[in-house]
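What follows is each chain in one-letter form.
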Amino acid sequence: MKHTIAAMVENKPGVLAKISGLFSARAFNIMSLTVGETEVHDVSRMTIVVKGDDKILEQVVKHLNKLPDVIKVIDFKNEEFIERDLMLVKVNASKASRSEIIEIASIFRANILDVSADTITLELTGRETKLEGVIRLLRPYGIKEMVRAGVVAMSRGRK
Amino acid sequence: MKLSGSEIILKCLEREGVDTVFGIPGGSVIPLFDAIYDNKKIKLFLTRHEQGAAHMADGYARASGKTGVCIATSGPGATNLVTGLATALLDSIPMVAVTGQVASHLVGNDAFQEADTTGITRPVTKQNYLVTDVGDISKIFAQAFYLARSGRPGPVLIDVPSDIQKAECEYDAKPDASIRGYKPSMEGNPRQIKTALEALLASKKLLIYAGGGIISSGASKELAAFARKLNAPVTLTLMSIGGFPGTDGLFIGMPGMHGTQAANFAFQNCDMIFAVGARFDDRVTGKVSAFAPHAKIVHVDIDPTSISKNVTADIPVVGDCKSVLKQMLVLLSAKKKMPDYAPWLKQVTDVAKKKPLCYKDDEILRPQYVIDRFYQITKGQAMVVTEVGQHQMWAEQFYKFDKPRRFITSGGLGTMGYGLPGAIGAKRACPEMEVIDIAGDGSTQMNIQELATAKVYGIKVIVAILNNSYLGMVRQWQELFYKKRYSGVLLGSQSSKDKKYWPDFKLVGEAYGLKGMRIERKKDVDAAIKEALASKETVVMDFQVAKEENVFPIVPGGAAIDQIIDMS
Ligand SMILES: Cc1ncc(C[n+]2csc(CCOP(=O)(O)OP(=O)(O)O)c2C)c(N)n1
Ligand SMILES: [Mg+2]
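Source: prediction; values computed, not measured.

Caption draft 1: Main features of the coordination of the magnesium ion (ligand 2). In this structure, Asp441(B) (OD), Asn468(B) (OD1) and Tyr470(B) (O) serve as the protein donors to the magnesium ion (ligand 2), at separations of 2.1 Å. Overall, the relative accessible area of 7% leaves Asn468(B) in the buried class.

Caption draft 2: Spotlight on the domain arrangement of chain B. Residues and elements named next belong to chain B. Assigned domains of chain B: these are domain 1 (2-168), domain 2 (190-354) and domain 3 (367-544). In this assembly, 27 residues from domain 1 lie in contact with 28 residues from domain 3. Taking both sides of the interface into account, the surface hidden between domain 1 and domain 3 amounts to around 2100 Å²; carbon and sulfur atoms contribute 63%. Inspection of the domain 1/domain 3 interface yields zero salt bridges. Taken together, the links from domain 1 to domain 3 amount to 11 residue pairs in polar contact (both at pLDDT 80 or more). Broken down by secondary-structure element, the contributors of at least two residues to the side of domain 1 that touches domain 3 are β2 (20-23), β3 (43-46), α3 (50-64) and α5 (82-90). Per-element tally for the side of domain 1 that touches domain 3: the top contributor is α3, with 11 residues. Its residues assigned to classes, the side of domain 1 that touches domain 3 shows 10 nonpolar, 11 polar and six charged.

Caption draft 3: Region of the structure containing the domain arrangement of chain A. Residue and element names in this part refer to chain A. Entries for chain A in the domain assignment read domain 1 (2-78) and domain 2 (82-155). Taking the mean C-alpha position of each, domain 1 and domain 2 sit 28 Å from one another. Taken residue by residue, the interface counts eight residues in domain 1 and nine residues in domain 2. In this structure, the connection of domain 1 to domain 2 is made through one salt bridge. The residue Glu-128 makes a salt bridge to Lys-2 at a minimum N-O spacing of 2.8 Å. Applying the counting criterion to the domain 1 and domain 2 interface returns five residue pairs in polar contact (both at pLDDT 80 or more). Those elements that provide at least two residues to the side of domain 1 that touches domain 2 are β1 (2-10), β2 (30-37) and β3 (43-51). When residues in the side of domain 1 that touches domain 2 are grouped by element, the largest group, three residues, is from β3. By residue class, the composition of the side of domain 1 that touches domain 2 is two nonpolar, four polar and two charged.

Cut-offs applied
Each chain carries its own residue numbering, running from 1 in the written order of its sequence. Whichever chain is written first is A, and whichever ligand is written first is 1; the rest continue in order. Given that this is a predicted model, residues contribute local features only at a pLDDT of at least 70 and side-chain atom pairs are listed and counted only at 80 or more, while totals for whole chains, interfaces and linings are drawn from all residues. Side-chain metrics in this entry use all non-hydrogen atoms of the structure; hydrogen atoms and water are not considered. Sites may look incomplete because water is not among the atoms; the donors themselves are N, O and S atoms within 2.8 Å of the metal, or within 3.2 Å for Na, K and Ca. Burial classification: accessible surface area is computed with a 1.4 Å probe over protein chains only, and a residue below 20% of its type maximum counts as buried, one above 50% as exposed, and the rest as partly exposed. The split into domains, and so the bounds of each, comes from an automatic or database assignment of domains. Whether two residues are in contact is decided by their heavy atoms: any pair within 4.5 Å suffices. Note: buried area is the sum, over both parts, of the accessible area (probe 1.4 Å) each one loses when the two are combined. The rule for a salt bridge is simple: a side-chain nitrogen of Lys or Arg has to be within 4 Å of a carboxyl oxygen of Asp or Glu. Whenever two N or O atoms come within 3.5 Å, that pair is a polar contact, provided that in protein one can donate a hydrogen and the other can accept it, and provided that, for residues adjacent in sequence, both atoms are side-chain atoms. Put simply, DSSP marks the helices as runs of H or I at least four residues long and the strands as runs of E at least two long, and each gets a number from the N terminus on. Residues are grouped as follows: nonpolar covers Ala, Val, Leu, Ile, Met, Phe, Trp, Tyr, Cys and Pro; charged covers Asp, Glu, Lys and Arg; every other residue, Gly included, is treated as polar.

Right under this line is the structure:
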């Protein structure tokens, strides 16, 4: 099972190491981890996707809460939430395939960032399932390079 | 008035009530040691190894309940603290370590004696800091002491670059120590406490299982009141020995690998475990799937990560042991009817009577006998610190403690080399106590240099080495589980003709200007112990005990705790 957790943390050196150390010391497997600034200047927000059963998730949340540098933890397990990942992908594009790729891009509302004689670079945001769907469609053309930013998440509604 | 960073550090230590620091100087902490030179309130103990300093600070903390402090230089000084920090972390001991760091402009340059101290110590501290501005020192120290002693206590390290020790600023006497991400839940949820108590009272076979949280929260009185009110059996982990009187009829000994038959029987047959400040360590539970098959579990702990970690709790209560027990006692006093645990208690104490802890009391000088004699002669009033190995288990089994903070041992990490410095730190904290280091010949050699510290500062401890010429605990495992293939455990001579042993601990004691003794016969034990007790100086006692004695009972690693091998 995949779980998404957000942690509000002190924005200072060493905090990322403390959090990643927490995971490695307990052999919890991180699938993705992102860090970014928030509406409060000295607070960063991490979004962590972990794989494991509910028991592992419970331990992860407890251990995060235990770190003095972690201000708040949101476990999205029982919440409605929005999650988005960002991907850049460079695909081989010959004269013949270019229009097909552009069509895929427009169906999935991907931005075309760069076009060269034999490649197209797309930017795509969306849920993981959407990104994975696009990857599947692009693979036959030959993916030269791909990078994903990692998931960010937020609860829906007023919360 | 402006003060230097070093002066501010000392102001902070004074503010926290620190009267003792243990440490060794070096290039990057000379400014701090320079400030200590003039200080009248804080006594510095120069140790012979930084590991010794860390364990002394730890022993000081365990004996007194206060926060222990040690200081080391950058690089090798800091790395030498690591074992001491890990020891304190696993046993939840409040400690603050201050390390020097290379000057700020050199940090990250592979400078002379530079190590990434905060990186290296991150997993062995509760929190650590690298100071980047002299103006932050006061606040960081306030936070460090608050973190070290509150919630689940633990070691905190502060790394201070040498230029910051010299930089000057105004001293902020009352910084805000609050940390927004850290608010330990002390009281516990009253509704949950009530639910927990109701569940406990609905049981027929209740076992009270208390751990180190009883000691760190100072809940011995409450625990005793609770157990007596309910008349239920009590088992204590290695970390809480003395947290409930060892001579009380309700006490059934320690559980687990080297636990008593009665305690393990109680776990396997109870219908309710009341765990307070204990963490279901693997040395206690044995094979988890076979552990306490009939029991529901109420688990009180200040650290939520300890609850439902190894064993799932039916009713968790996150809170301080003392405060939760107090609330339970209030609720109990309003109850008219108490459950009757007498039949269950009898069942358990019958096992204790039928299968007590014992040893062969024959002509041979046996290690258990030595501890038994220490217990009898000191009337159970000494403070016992241990090294790690067989002797540690025998000390737990054959010296009984009626008060908390009298049995001091590295339980979680099992650090050989803890005992001697731990004892020195404990004696500094409680100078009026007789402090006995029950030691092994292997462990003692891991920090033997601290005999010099004991000598120089006139700190008296009794180093009672139960010398079996072996890394005995490992030898026992090899005997029982590896067909007696003794691999790398013999400390004595490899030649069977040569009966000599090294070192000669009596001479070692004397070489440090202390009293050294060798005891080879059973009949000499009492006189030797009395002589050691009468001595004003540290005594090194080399008891030449039976070489291949085993600790019983023993539950093999990974087996269920009722798969007990006991003395035949
Ligand atoms: C620093 C360290 N290294 C290794 C061990 C593994 N170990 C546990 S007990 C033991 C033997 C201890 O020997 P000794 O101090 O002579 O005590 P005895 O068991 O003989 O009483 C060893 C090597 C340890 N606990 N700590
Ligand atoms: Mg030995």
